[in-house]
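Report on the structure
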Amino acid sequence: MNITVIGQGAIGLLWYHRLTENSKNHVSLVCSSRITSVPKEIKFTNINNITSSKALISANNQILAHAELILCCVKSYHVAEAIMSLKKRISSNAIIIFCHNGMVNFKQLPNLPQTCYTLLTTHGSKVIQPFHVQHTGLGHNDLGLITGTAQQEKQAKMVATLATALPSLTLSHHIKEKQWLKLAINCVINPLTAINDVENGQLLQQKYHKIIDKLLTEIISVAKYEGMQFSLDELKAQVLSVATMTGKNCSSMRSDILKKRKTEIDYINGYITNTAKSLHIKVPENEKLTLQIKALELANCQH
Ligand code: PAF
């Protein structure tokens, strides 16, 4: 398959590396315009700690025009910009897959003629140095249609290609529910670990249970308006199970704050806060955490 990966972050380079393992795939990369010098090679450290290098093929306009699959692996706040820059350069027959944390409101983005999917991953990877990523944890991918119509043959080819490159993968017909589940997990783990400057596993302590319950109760009330039914006990069990499994990890938001980068708060607790506002529901705890993270971002900018 002709595949273009957008984004040189941890997930983008993980897919780039794994997809190039299959010689039937022609894989290229689009880096952010903020990158001033793109190297000729990328480095990849696999799950067994073995490091290898491979050529980095940058996507030019000709490659982009022939891409059958576009994997958009940019941060949620760069999705709109990535779409705008690609829109005129890709075929309307291409499939676009969005892979990011948090919830992007696709209704607010320009209409795309392409069939679009979202991919939720629990694989762990981190950037060790620019253009060198490490696969830190095996996980699972959930893929689901978000806009357009699925064409069975094309969809089957795409699923087989992705599942071979980075197993395991499920094509989900309940992707919206899975997106909300991931959102709830992110709404708890990301801001609480960032504000308290702790590893994910620390959230299992009794002192965090009250705030976790409050956050989840608010999220459940907003999700209900989107047709999602969650029980507090089940949702909390899922959140605590992810905190246990990723116990020693530094969450993405904590690591953004520590590295003085912009966070995805507007697409996580900010998404809950804004949706709640439009529904005239009160979500004080989610709002409070959103403001606290924004204050930390601001303090980082001023130093
Ligand atoms: O954003 C993250 O760090 C991850 O999605 C998660 C699940 C919170 C674990 O660290």
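Residues numbered from 1 in each chain as written. Predicted model: local features only at pLDDT ≥ 70, side-chain atom pairs only at ≥ 80, totals over all residues. Heavy atoms only, no water.

An ideal rise of 1.5 Å per residue puts 20 Å on 14 residues; helix α4 (residues 152–165) measures up with 20 Å between its terminal C-alpha atoms. When α4 is considered as a whole, its buried residues turn out to be Q155, M158, V159, T161, L162 and A165. Along the axis of α4, the buried positions cluster into a sector of 165°, meaning they face one direction only. Set apart from the buried face of α4 by more than 90 degrees, the exposed residues are Q152, E153 and T164. (Helix = DSSP H or I, 4+ residues; strand = E, 2+ residues; numbered from the N terminus. Expected span 1.5 Å × (residues − 1). Buried < 20%, exposed > 50% of the residue type's maximum accessible area, 1.4 Å probe, protein only. Arc of directions from axis to C-beta.)

This part takes up the site of the ligand. Around the ligand sit N101, K182, N186, I189, N190, N200, V242, S251 and S252, and that is every residue in its neighbourhood. Looking at which element gives the most residues to the shell around the ligand, the answer is helix α5 (residues 175–196), with 4 residues. Partitioning the shell around the ligand into residue classes produces 2 nonpolar, 6 polar and 1 charged. (Near = heavy atom within 4 Å. Nonpolar A, V, L, I, M, F, W, Y, C, P; charged D, E, K, R; others polar.)

Inspection of the secondary structure puts S255 in helix α8 (residues 252–258). For the pair S255 and D197, spaced 58 residues apart in sequence, the C-alpha to C-alpha distance is 9.3 Å. Here S255 is in contact with C250 and R261, once residues within four sequence places are set aside. (Contact = heavy atoms within 4.5 Å.)

All chains considered together, the criterion is met by 13 salt bridges. Of the charged contacts, one joins D213 and K236 as a salt bridge, the two residues approaching to 2.9 Å between their closest N and O atoms. One end of the pair, D213, is in helix α6 (residues 209–225); the other, K236, is in helix α7 (residues 232–245), with 23 residues separating them in the sequence. For K236, a relative accessible area of 14% gives the class buried. Across the pair K214 and E285 runs a salt bridge whose closest N-O atoms are separated by 3.9 Å. Of the two residues, K214 is situated in helix α6 and E285 in helix α10 (residues 284–302); the sequence distance between them amounts to 71 residues. In this structure, a network of salt bridges that share partners links the residues K75, D256 and R261. (Salt bridge = Lys/Arg side-chain N within 4 Å of Asp/Glu carboxyl O.)

A word on the domain arrangement of the chain. Here the chain is partitioned into domain 1 (2–173) and domain 2 (176–302). Here domain 1 and domain 2 have C-alpha centroids that lie 25 Å from each other. Contacts between domain 1 and domain 2 engage 13 residues on the former and 15 residues on the latter. Of the roughly 1500 Å² buried between domain 1 and domain 2, counting both surfaces, carbon and sulfur atoms make up 56%. Among the residues domain 1 hides against domain 2, the three largest losses belong to Y77, N101 and M103. Together they make up 50% of the total. For the interface between domain 1 and domain 2, the tally reads 2 salt bridges. Note that D142 is salt-bridged to K178, the shortest N-O span being 3.9 Å. A per-element tally of the side of domain 1 that touches domain 2 places strand β7 (residues 115–121) first, with 3 residues. (Domains from an automatic or database assignment. Buried area = accessible area lost by both parts, 1.4 Å probe.)

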